[in-house]
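Residue-level listing of the chains:
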Amino acid sequence: MKNNPMLNEFILLGLTNSWELEIFFFVIFFLAYALIMVGNSLIILMVTFDSHLHSTPMYFLLANLSFLDMTLSTVTVPKMITDFFREKKTISLWGCMAQMFLVHLLGGSEMSLLVVMAIDQYVAICKPLHYTTIMNRRILLGSVFLSWVVGFVHTMSQMAFVISLPFCGPNVIDDVFCDLPLVMSLACTDTYILDLLVIADSGLLSLICFILLLVSYTVILLTVHRRSSGGLSKAMSTLSAHITVVTLFFGPIILIYAWPVSSYALDKFLSVFFAVITPLLNPIIYSLRNQEMKAAMIRLRSRHLSSRPVL
């Protein structure tokens with residue numbers, strides 16, 4: 001280590017070396033990122049300016065989920081897009097550290113927020129008479145703040161050790177953005193204990209949140225089934241969007257930390273799925289299948305047309 005200079009940048013190999021494929025991926029990712037920003041911004045706009053949605057806890061949480069998705073994509077996707085035109089795809093050491101910090105901060109916060117959204121659905125369906133009392137404004141703000149605290153503790157418990165690692169050897173990361181396991185493998189020291197810590201930290205948080213989500217959805221369905229057999233289909237229609245988002249979000253995370261065989265092709269696919277596909281599908285799932293969101297769009301459009309001056 002004394003004879004080797006410390007690294008100040010990493011090289012990202014990206015998805016492909018083919019110029020034709022890079023142009024193709026540039027167009028696809030650019031359009032996907034534009035749709036992510038437009039779709040999630042539309043949800044935030046609807047919830048902010050529609051009085052009915054603004055006062056409903058579920059949509060308040062949905063707006064926060066959209067903000068997390070937009071930020072997560074902004075941390076990763078623009079860098080991926082600009083790298084398609086670079087022969088040498090480099091990222092500075094501190095840029096890499098910042099990217100990993102923000103990815104795990106936002107990922108941990110989103111996992112916690114999905115649990116809060118599941119609890120909100122449980123209260124709304126199983127305790128409708130006490131819904132407004134339980135899910136009041138103070139509880140909502142505290143829940144969102146708690147989700148950010150969980151994300152911050154999650155990322156700091158790992159980055160506090162990673163940021164002090166020495167990097168003096170290989171600097172090639174075979175992925176589209178910096179991620180903890182790949183970056184730690186380049187350190188000029190034994191990281192076996194730190195690898196176990198990262199896997200345990202991320203894996204434990206993912207497992208706890210996933211179990212809480214499964215329990216909440218199971219209790220909801222059992223409660224509705226006992227009360228009314230006809231209400232089960234309505235509850236399934238309401239929960240199907242949430243279950244789909246949970247599956248899309250936790251699926252890649254479980255594969256990354258539980259898959260026994262490491263594959264660079266699989267890692268790249270999961271990275272793209274986590275950073276691009278999930279934030280893109282969330283607004284589609286929640287808005288196109290949600291009647292209240294459609295009604296809010298119609299009300300906002302009618303309000304805008306009625307406010308225009310008549311010639």
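Since the model is a prediction, treat every value here as computed from it, not as a measurement.

Caption draft 1: Fine view of the overall build of the chain. Assigned secondary structure in the chain consists of eleven helices and three strands. When its helices and strands are written in sequence order, the chain yields β-α-α-α-β-α-α-α-β-α-α-α-α-α. For the chain, with 311 residues in total, the buried portion stands at 47%.

Caption draft 2: Expanded view of the pattern of salt bridges. Scanning all chains against the criterion turns up five salt bridges. Note that Asp83 and Lys79 form a salt bridge whose closest N and O atoms lie 3.2 Å from each other. With a gap of four residues between them, Asp83 and Lys79 both fall in helix H3 (residues 57-83), about one helical turn apart. A relative accessible area of 4% places Asp83 in the buried class. Between Arg86 and Asp83 there is a salt bridge, with its nearest N and O atoms 3.5 Å apart. Residue Arg86 is classed as partly exposed on the basis of its relative accessible area of 38%. A network of salt bridges, in which partner residues are shared, links Lys79, Asp83 and Arg86.

Caption draft 3: Representation of the packing of helix H1 (residues 19-49) against H3 within the structure. The geometry of H1 relative to H3 is characterised by a closest axis approach of 9 Å and an angle of 155° between their N-to-C directions. Here H1 lies roughly antiparallel to H3, going by the angle between them. Once H1 is placed against H3, the crossing between them reads as left-handed. Class assignment of the residues belonging to the contact of H1 with H3 gives a composition of 19 nonpolar, five polar and one charged.

Caption draft 4: Molecular detail of the sheet that holds strand E2 (residues 90-92). An order of E2-E1-E3 is seen for the three strands of this open sheet, with the pairing classed as mixed. At either margin of the open sheet sits one strand with a lone partner, and together these are E2 and strand E3 (172-173).

Caption draft 5: Local environment of the UniProt feature "transmembrane region" (unreviewed entry) in the chain. UniProt feature "transmembrane region" (unreviewed entry): in the numbering of this structure it lies at residues 23-47, 59-81, 101-119, 139-157, 204-224, 236-257 and 269-288. Helix makes up 100% of residues 23-47 and strand makes up 0%, while its end C-alpha atoms are separated by 36 Å. Taken end to end, residues 204-224 is 100% helix and 0% strand, and its two terminal C-alpha atoms sit 30 Å from one another.

Caption draft 6: Region of the structure containing helix H6 (residues 137-162). The end-to-end C-alpha separation of H6 is 38 Å, in line with the 38 Å expected for 26 residues at 1.5 Å each. The axis of H6 is deflected most strongly, by about 25°, at Met156. Taken residue by residue, H6 has Leu140, Ser143, Val144, Ser147, Gly151, His154, Thr155, Gln158, Met159 and Val162 as its buried positions. Between a side-chain oxygen at the N-terminus of H6 and the backbone nitrogen of Arg138 the separation is 3.1 Å; the capping residue is Asn136.

Caption draft 7: Region of interest: the state of the cysteines. This structure, assessed with the given rule, holds two disulfides. Disulfide partner of Cys96: Cys178, at an S-S distance of 2.1 Å. Between Cys96 and Cys178, the S-S torsion sits near -125°, and that sign places the bridge as left-handed. On the criterion of sequence distance, the pair formed by Cys96 in helix H4 (residues 93-126) and Cys178 in the loop between E3 and helix H7 (180-184) is long-range, its members being 82 residues apart.

Caption draft 8: Broad picture of H3. The first and last C-alpha atoms of H3 sit 40 Å apart over 27 residues, in line with the 39 Å expected at 1.5 Å per residue. Of all the bends found along H3, the most pronounced is centred on Thr74 and spans about 35°, while Pro78, a proline, follows it within four residues. The buried fraction of H3 amounts to 22 of the 27 residues, a majority that puts the element mostly inside the structure.

Analysis parameters
- Residues numbered from 1 in each chain as written.
- Predicted model: local features only at pLDDT ≥ 70, side-chain atom pairs only at ≥ 80, totals over all residues.
- Heavy atoms only, no water.
- Helix = DSSP H or I, 4+ residues; strand = E, 2+ residues; numbered from the N terminus.
- Buried < 20%, exposed > 50% of the residue type's maximum accessible area, 1.4 Å probe, protein only.
- Salt bridge = Lys/Arg side-chain N within 4 Å of Asp/Glu carboxyl O.
- Axes fitted to C-alpha atoms, helices over the stretch in contact; angles between N-to-C directions.
- Parallel < 35°, antiparallel > 145°, perpendicular 65-115°, else oblique.
- Left-handed = near helix turned anticlockwise from the far one by under 90°.
- Nonpolar A, V, L, I, M, F, W, Y, C, P; charged D, E, K, R; others polar.
- Pairing = 2+ DSSP bridges.
- UniProt positions renumbered as here; feature names shortened; annotations may be inferred.
- Expected span 1.5 Å × (residues − 1).
- Bend = angle between axes of the 7 residues up to and from the residue.
- Polar contact = N/O pair within 3.5 Å; in protein donor to acceptor, adjacent residues only side chain to side chain.
- Disulfide = S-S within 2.5 Å.

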